[in-house]
Amino acid sequence: MAKITFRKQTAEVKITYVVFLIFYIVMAFLHIMPLGWSLMSSVKTGEEFFANSFGLPTAIHLDNYIRVFKEFTYRQYNYLDMLWNSLWMLVVGVVVEVLASALLAYPLARFRFPGRSFIYTVVIFANTIPIIGAGPAKFKLMSALGFVNNPWLIWISWANAFDFAFIVFYGNFKGISMTYSEAAKMDGAGNLRVLFQIIFPQAFPCIAAISITSAINVWNNYSTVMIYMREYPNLAYGLYLFNTAANYVADSKPIYFAATIISCIPVIVLYACNQKLILTNVTAGGLKG
Amino acid sequence: MSSEIKKKKFGYSKFEKMNFPFIYLMIAFPIIQFLVFWVYVNASSIALSFQTAQGEFTFRNISAVFKAFNTVDSYGLNFGESLKHSLIIWGISHLIVFPISIITTYILQRQIFGHYVWRVCYIIPSLMGSIIWTTLIKYIVAYDGPVVTLLLQAGADLPEMVRHSGLLASEKTALPTVIAVSTIMGLVGNSAVLTGAFSRVPDEIFESAKLDGAGFWRECFQIAIPCVWSTLVMMMTFSLCSIFTSDVNVFLYSNGTGEPGMTTVGFHLYIITYRISMSGGARTSYGYPAALGLVLTCMTLPVVLIGRWLLDKLQDAVEL
């Protein structure tokens, strides 16, 4: 999109520019202030934090970060256990969600077959018609199937293809030129080869963008872990549990803040490095004209 | 030749038919998963609405939901109050915050000075996750935090409870505080979908508009926004669906209690599922929560359908 510049503009545009720039700076401060405060609190002692939670630390206690790995515990789980749970949930969660959506979107976007229109209509219906309050019924089913607190089976419930990722993939796959896949098929390539060697590489930016967005959501997900995987607490759920307990233990608060910093660094780095990829590839809905 | 190359208007060609096994094999798992975890779950939820704990047919669950509009239900929550709060939150976030965020996204996309840095700053709360974010906000609005201190210095007449325990401790200030936080954070549009849509508007359109003498706001309202209108319609349709499910992290702000006076429908539904899960699901009647979901779906459906109809009409008007 065309860049807005300050120079050679009318007074009206210059005023708008300055007003919005000030607004963006203030909002940026409000958005990063809690992170800065968390960082500051993570290097205090417990006594310092409780004496003045917004005061500057008298000394930098980096040892709080080491203490996280020893003292950040919930029942038999320590920080590394929770980190491990977060990691496997992230990998499995992202792979199954992205793969399921992509596998459904590919044939629907590029082949004609009986039932195609019906399935597409159902996906749109499922995404735009709200059916609320099925949580208890889902828990009943998950319990009956033995999925609750079962890391070997829980992934099946995560493999939801009828979601927003489908809509993004569908649009992306439909937009990929037929030329390459037609040429590959003429050279004798099978459908799987076309999918993995022609389509997926061309759709890589879109797949990567959806994967990163999904990864951030999975990493920070506490609500479903709290219900379905309580025996396998991830970092997000672990932070909730530890904070609840730390409210009563003065010395634990800086450890809590150190743990929050360690746990949010990977996602901040992941996003910062891929911002452009995400913002230009997660698109849905057409462009007029 | 494949179905991608040779297409017949009616029926299917031999080459298309050859692909059917591959296609059905690919879509088999996603469809089975959907049938089990969406179709069966929702059908089961509807059936549970009309069942007693012993599995007998009853309307008692539905009537219990209507009673809960005015009184506290069996889970100790006031459904009518939750409904009112959800509508207020939805109204503010979608009728006030969303239109402003479209403008702020547009200006960010026009690469205002420092746009890359601002974007990273604005996404930080989402990256940190709601657990960390709500904990930090709780300290900021605590009785000794900067917000209460500033309000007191400004001479604000704060309730006694706020002076001793912070803004989230009083019924008068808790929900407004939560809404204010989500409103402030939502003002800076950083939606990946909307940013992606704006980024696809060709520069040439703006250049020719500029040559025709279009000003900054005219470019925004008469070029950029109409160009991404279909994306906006899609986002608004999704937002209509979330009318009763978004809960602005009430569970975390209230430590799972919804007190004081912060309950929303999203929280209401989540806490019931959570309590059922905590009890292991055994000896629990699923009837009332299922009936609650059914009543909410029946309430939301006409809103969504009318909303979509209106949005379609608006889209037609934009395209004319």
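Just so we're clear, the structure is a prediction, and the values are computed from it rather than from any experiment.

Criteria and thresholds
- Residues numbered from 1 in each chain as written.
- Chains lettered and ligands numbered in written order.
- Predicted model: local features only at pLDDT ≥ 70, side-chain atom pairs only at ≥ 80, totals over all residues.
- Heavy atoms only, no water.
- Helix = DSSP H or I, 4+ residues; strand = E, 2+ residues; numbered from the N terminus.
- Rg over C-alpha atoms; globule rule 2.2 N^0.38 Å.
- Buried < 20%, exposed > 50% of the residue type's maximum accessible area, 1.4 Å probe, protein only.
- Contact = heavy atoms within 4.5 Å.
- Areas by Shrake-Rupley, 256 points an atom, 1.4 Å probe, with all protein chains shown as cover.
- Lys, Arg positive; Asp, Glu negative; His and termini not counted.
- Charge placed at Lys NZ, Arg CZ, Asp CG, Glu CD.
- Salt bridge = Lys/Arg side-chain N within 4 Å of Asp/Glu carboxyl O.
- Polar contact = N/O pair within 3.5 Å; in protein donor to acceptor, adjacent residues only side chain to side chain.
- Expected span 1.5 Å × (residues − 1).
- Domains from an automatic or database assignment.
- Buried area = accessible area lost by both parts, 1.4 Å probe.
- Bend = angle between axes of the 7 residues up to and from the residue.
- pLDDT = per-residue confidence, 0-100.

Asker: Outline the overall build of chain A, supporting the account with residue identities and numerical values.
Answerer: Across its full length, chain A holds 14 helices and two strands. Taking 19 Å as the expected radius of gyration for a compact globule of 289 residues, we find that chain A reaches 24 Å, considerably beyond that expectation. The C-alpha extent of chain A, read off along each of the three principal axes, is 70 × 70 × 40 Å. Per-residue burial for chain A yields a buried fraction of 54% across its 289 residues. Considering only intrachain contacts with a sequence separation of at least 6, the fraction spanning at least 24 residues in chain A is 66%. In the form shown here, chain A has an accessible surface area of approximately 12,700 Å², with 68% of it arising from carbon and sulfur atoms. Distance between charge centroids for chain A: 14 Å, based on 20 positive and 12 negative side chains.

Asker: I'd like to hear about the interface of chain A and chain B, residue by residue, with values.
Answerer: On the chain B side, the residues contacting the 109 residues of chain A number 122 residues. Where chain A packs against chain B, one counts one salt bridge. Arg-112 of chain A is the salt-bridge partner of Glu-16 of chain B, the closest N and O atoms lying 2.9 Å from each other. Our count for the chain A to chain B interface comes out at 18 residue pairs in polar contact (both at pLDDT 80 or more). Per-element accounting of the side of chain A that touches chain B gives the leading share, 19 residues, to helix α1 (residues 11–41) of chain A.

Asker: I'd love a proper account of helix α12 (residues 229–241) of chain B, names of residues and values included.
Answerer: In a regular helix each residue adds 1.5 Å, so 13 residues correspond to 18 Å; α12 of chain B covers 18 Å between its end C-alpha atoms and thus fits that length. For α12 of chain B, the set of buried residues is Trp-229, Ser-230, Thr-231, Leu-232, Val-233, Met-234, Met-235, Met-236, Thr-237, Ser-239, Leu-240 and Cys-241 of chain B.

Asker: Any chance you could break down the side chain of Asn-61 of chain B for me, citing the residues and the numbers?
Answerer: Residues and elements named next belong to chain B. Looking at where Asn-61 falls in the secondary structure, it is placed in helix α2 (residues 60–67). Judged by relative accessible area, which is 10%, Asn-61 ranks as buried. In this view, Asn-61 contacts Leu-48, Ser-49, Phe-50, Gln-51, Gly-287, Tyr-288 and Ala-291; residues no more than four positions away in its chain are not counted.

Asker: Help me get a handle on the domain arrangement of chain A, residues and values and all.
Answerer: Residue and element names in this part refer to chain A. Structurally, chain A comprises domain 1 (11–70) and domain 2 (73–281). Just the C-alpha atoms count here: the centres of domain 1 and domain 2 sit 30 Å apart. Taken together, the two surfaces of domain 1 and domain 2 that pack against each other cover about 1,500 Å², and 77% of this comes from carbon and sulfur. Per-residue buried area on domain 1 facing domain 2 is highest for Arg-67, Val-68 and Phe-69; these three make up 36% of the total on that side. At the boundary of domain 1 with domain 2, the tally comes to zero salt bridges. Remark: the boundary between domain 1 and domain 2 carries one residue pair in polar contact (both at pLDDT 80 or more). Contributions of two or more residues to the side of domain 1 that touches domain 2 are made by α1, α2 (46–51) and α3 (63–71). With six residues, the single largest contributor to the side of domain 1 that touches domain 2 is α3.

Asker: Got a sec to walk through helix α4 (residues 115–128) of chain B? Specific residues and values, please.
Answerer: All names here are of chain B. An ideal rise of 1.5 Å per residue puts 20 Å on 14 residues; α4 measures up with 20 Å between its terminal C-alpha atoms. At Tyr-122, α4 shows its strongest bend, of approximately 30°, with the proline Pro-125 following within four residues. For α4, a buried count of ten out of 14 residues is recorded, marking the element as mostly surrounded by other parts of the structure. If you check which residues of α4 are buried, you get Trp-118, Arg-119, Val-120, Cys-121, Tyr-122, Ile-123, Ile-124, Pro-125, Leu-127 and Met-128. Gly-129 lies just past α4 and shows a positive phi near 90°.

Asker: I'd love a proper account of the confidence of the model for chain B, names of residues and values included.
Answerer: Segments scoring low in pLDDT should not have their predicted coordinates read at a detailed level. Residues and elements named next belong to chain B. Looking at chain B as a whole, the pLDDT averages 85, with 93% of positions reaching at least 70. By mean pLDDT, helix α9 (residues 192–199) is the weakest element of chain B at 81, and helix α1 (residues 14–49) is the strongest at 92. Across the whole predicted complex the pTM is 0.84, and at the interface the ipTM reaches 0.85.

Asker: I'd love a proper account of the pattern of salt bridges, names of residues and values included.
Answerer: Residues and elements named next belong to chain A. One pass over the full model with this rule turns up four salt bridges over all chains. Notably, a salt bridge pairs Arg-75 with Glu-231, separated by 2.9 Å at the nearest N-O pair. Highlighted residues: Arg-75 in the loop between β1 (73–74) and β2 (77–78) and Glu-231 in the loop between α12 (223–228) and α13 (235–246), separated in sequence by 156 residues. Taking relative accessible area as the criterion, Glu-231 reaches 28% and is therefore assigned partly exposed.

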